[in-house]
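Topology and contacts: notes
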Amino acid sequence: MLSAADNELLTRSGPESPMGRFLRRFWLPVALSRQLPEPDGAPTRVKVMGEDLIAFRVGDGRVGLMAPKCAHRGADLFFGRNEEGTIRCVYHGWKYDLEGNCVEMPNVPAGAAYHGESRAKTRITAYPTREFAEMVWAYMGPPDTLPALPALEVGLVPESHRYVSKKLQQCNWAQSLEGALDTAHFSFLHMPAPKVAQALHPDANADQKRLTWMRDDSRPRFSFVEHDAGFAVGAARDADGDDLYWRISQYLLPNHSLAPNALPGENYQGQTWVPISDTECWIYTYAWNPDRPLSEAERTKLAAGHGVLAEIGPDYVPLSRRENDYRIDRDDQRHRTFTGVRGVSEQDAMIQDSQGLIADRTTEHLTPTDAALVRLRRVLLDGAKALEDGMPPAVAGDAEAYRLRSGSWVAQRDVAFTDVMLQRFADRAGRASVAIEGTL
């Protein structure tokens, strides 16, 4: 369990909070590129870690991200004109460039000052942006500390090799991220109903065999490999004979997780959490294959909801959510699925949201299968506290540290986790082999 003080530190992400300051030292996705499809198009509202912002794409393709209030009298720039690489307030015509500088004041005489200020000193908050992996990323930290974009493999492969989306999550970002590293829950939350699961034949196909191993061993043993960006966590379950079935997740500072599902040749999946407020977050979800383009059938399946990708409606709001009890079907729960909720992403959301808008970690009773989330909490808390003591996160400047993979593997029982990593990835940390092209 955590103390009340540490639970507060972990979950609060506003600009004046320690964890909020820590998260702001990293690039964070703030929109999908396809949400801003049109150069010189209309602004869109964005909320990140409690900050209300607007985003817009200018004529040369760059994306602006800034506070929405005009410095003159606070009119909302969401209603502004996107023109000539700037945003112009429609109230009195004040115009701002992508750095937030006021470059025109039509109602102020040239050279005149107002309240002791000049146009050259007038600006609104604006944040630098980059596009990578079909996402718009922003850096919201101190302007003199611009770090490197994380070289996640999903952004290094050709566009035809990946599928990117996002979903709204109706709880605090940290408890949802914890759920991604708590791979022990697969033995229950994502299982067929007991009678259906018992019918799985041990000689069935690879997918059913993996389900059988996870059903039959609900107490995986956890091992860790630390690396510069965070850690890899391996959950070992009994498989056939003297083998163990390993599901290997990656946690990458501060808010990324790579899912443990893929055997070699299968599609990889990952997630990135970005707080909207302390009680809601966006989860950017993606799948990719480093070796080949995704087929149309795979894209259709992902668009309909598969794995970490949810079935979503307008504005990327999941069709299964708090307001409709995740469309739980009690008859389905009794006869076909353990939860009565369809979809892995939907099942995750249901149980994570059920912990409360912000989970109270002071009343938990943790077990050995919670080892990964305990480590996650410690890494985040230590990072935030170190920054408060004047030690910024070094990995924020190391793009290469994020070029990692997760996945599954079967190995003999006596093979150590570090050697399992070598067998599966040819690297002890799980580094991907794809080359980085161009400048991030």
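Residues numbered from 1 in each chain as written. Predicted model: local features only at pLDDT ≥ 70, side-chain atom pairs only at ≥ 80, totals over all residues. Heavy atoms only, no water.

Looking now at the side chain of D6. With respect to the element layout, D6 can be found in helix α1 (residues 4–11). Accessibility expressed as a relative area gives 14% for D6, which makes it buried. Excluding residues that lie within four positions of it along the chain, D6 makes contacts with R378, L381 and K385. (Helix = DSSP H or I, 4+ residues; strand = E, 2+ residues; numbered from the N terminus. Buried < 20%, exposed > 50% of the residue type's maximum accessible area, 1.4 Å probe, protein only. Contact = heavy atoms within 4.5 Å.)

Turning to the sheet that holds strand β2 (residues 44–48), a few remarks are in order. The strand order β2-β3-β4 describes an open sheet built from three strands, whose pairing is antiparallel. Two strands lie at the open edges of the sheet, namely β2 and β4 (63–66), each paired on one side alone. For this sheet the average axis-to-axis angle between neighbouring strands, irrespective of direction, equals 30°. Sheet topology note: the strand β3 (residues 51–57)/β4 ladder contains four bridges and is antiparallel. Bridging across to β4, I54 finds its partner in M66. (Pairing = 2+ DSSP bridges. Axes fitted to C-alpha atoms, helices over the stretch in contact; angles between N-to-C directions.)

Turning to the packing of aromatic side chains, a few remarks are in order. In the structure shown here, the tally under the stated rule is eleven aromatic pairs. Consider the rings of F22 and F26, whose centres lie 5.4 Å apart with planes at 75°: the pair is edge-to-face. By relative accessible area, which is 2% here, F22 ends up buried. On the accessibility criterion, F26 (4% relative accessible area) is buried. Pairing F231 with Y251 gives two aromatic rings, centres 5.4 Å apart and planes at 45°, and the pair type is tilted. Taken together, the positions of F231 in strand β13 (residues 230–238) and Y251 in strand β14 (residues 243–252) put the pair 20 residues apart, joining distant regions of the chain. Following the ring pairs from residue to residue traces out a cluster consisting of F224, F231 and Y251. If you follow R45 out to its NZ or CZ, it ends over the ring of F78, 3.7 Å from the centre. Positioned above the aromatic ring of F231 is the side chain of R375, whose terminal nitrogen or guanidinium carbon lies 6.0 Å from the ring centre. (Phe/Tyr/Trp six-rings, centres within 6.5 Å; stacked < 30°, edge-to-face > 60°. Lys NZ or Arg CZ within 6 Å of the ring centre and 35° of its normal.)

Here α1 crosses helix α9 (residues 371–388) at 80°, and the two axes come no closer than 10 Å. Between α1 and α9, the angle falls in the class roughly perpendicular. When α1 is examined against α9, the residues D6, L9 and L10 are found in contact with a partner set consisting of R377, R378, L380, L381, A384 and K385. When its residues are assigned to classes, the contact of α1 with α9 shows five nonpolar, no polar and four charged. (Parallel < 35°, antiparallel > 145°, perpendicular 65-115°, else oblique. Nonpolar A, V, L, I, M, F, W, Y, C, P; charged D, E, K, R; others polar.)

This part is about the environment of M140. Along the chain, M140 falls in the loop between β10 (135–139) and β11 (162–169). Given a relative accessible area of 5%, M140 falls into the buried group. A sequence separation of eleven residues divides M140 from T129, and the C-alpha atoms of the two residues are 9.3 Å apart. Setting aside anything within four residues of it in sequence, one finds M140 in contact with R24, V48, M49, E51, L53 and Y127.

With that settled, consider helix α3 (residues 173–181). Counted residue by residue, α3 has nine buried out of nine residues, so it is predominantly covered. Listed as buried for α3 are W173, A174, Q175, S176, L177, E178, G179, A180 and L181.

Before going further, it helps to spend a moment on the side chain of D353. Residue placement: D353 occurs in helix α8 (residues 344–353). For D353, which is buried and forms no salt bridge, the nearest opposite charge comes from R322, at a distance of 4.3 Å. Among all residues touching D353, those that are not within four sequence positions of it are Q169, Q170, C171, R322 and Y326. (Lys, Arg positive; Asp, Glu negative; His and termini not counted. Salt bridge = Lys/Arg side-chain N within 4 Å of Asp/Glu carboxyl O.)

A few words on the state of the cysteines. Scanning all chains against the criterion turns up zero disulfides. As a non-bridged cysteine, C102 has C70 as the owner of its nearest cysteine sulfur, 6.9 Å distant. Here C281 stays free of any disulfide, with the sulfur of C171 as its closest cysteine sulfur at 5.6 Å. The class of C281 is buried, set by a relative accessible area of 0%. (Disulfide = S-S within 2.5 Å.)

Read from one edge to the other, the open sheet built from three strands follows the order β1-β10-β9, with strand pairing classed as antiparallel. Edge positions in the sheet fall to β1 (27–32) and β9 (129–132), since each has one partner strand and no second. Across the sheet, the mean angle from the axis of one strand to that of its neighbour is 35°, orientation sign disregarded. Inspection of the sheet shows β1 paired to β10 by five bridges, in the antiparallel sense. Within β10, the position partnered with A31 by the bridge is V136.

Turning our attention to the nonpolar core. Judged by nonpolar contacts, the single largest core of 77 residues is most densely connected at M19, W173, L380 and Y402. If we ignore the near neighbours within four places in the chain, the residues touching Y402 are F26, P150, A151, L152, A229, L252, L253, H256 and V395. Formed by 17 residues, the second largest nonpolar core is a distinct cluster that contains L77, C89, W94 and A126. (Core = buried A, V, L, I, M, F, W, Y, C linked by side-chain atoms within 4.5 Å.)

Time to look at the environment of A429. Its location among the elements puts A429 in the segment after α10 (417–425). Owing to a relative accessible area of 4%, A429 belongs among the buried residues under this scheme. For A429 and D228, which are 201 residues apart along the polypeptide, the C-alpha to C-alpha distance reads 9.4 Å. Contacts of A429, omitting those with residues within four sequence positions, involve V225, H227, A232, Q250, L404 and M421.

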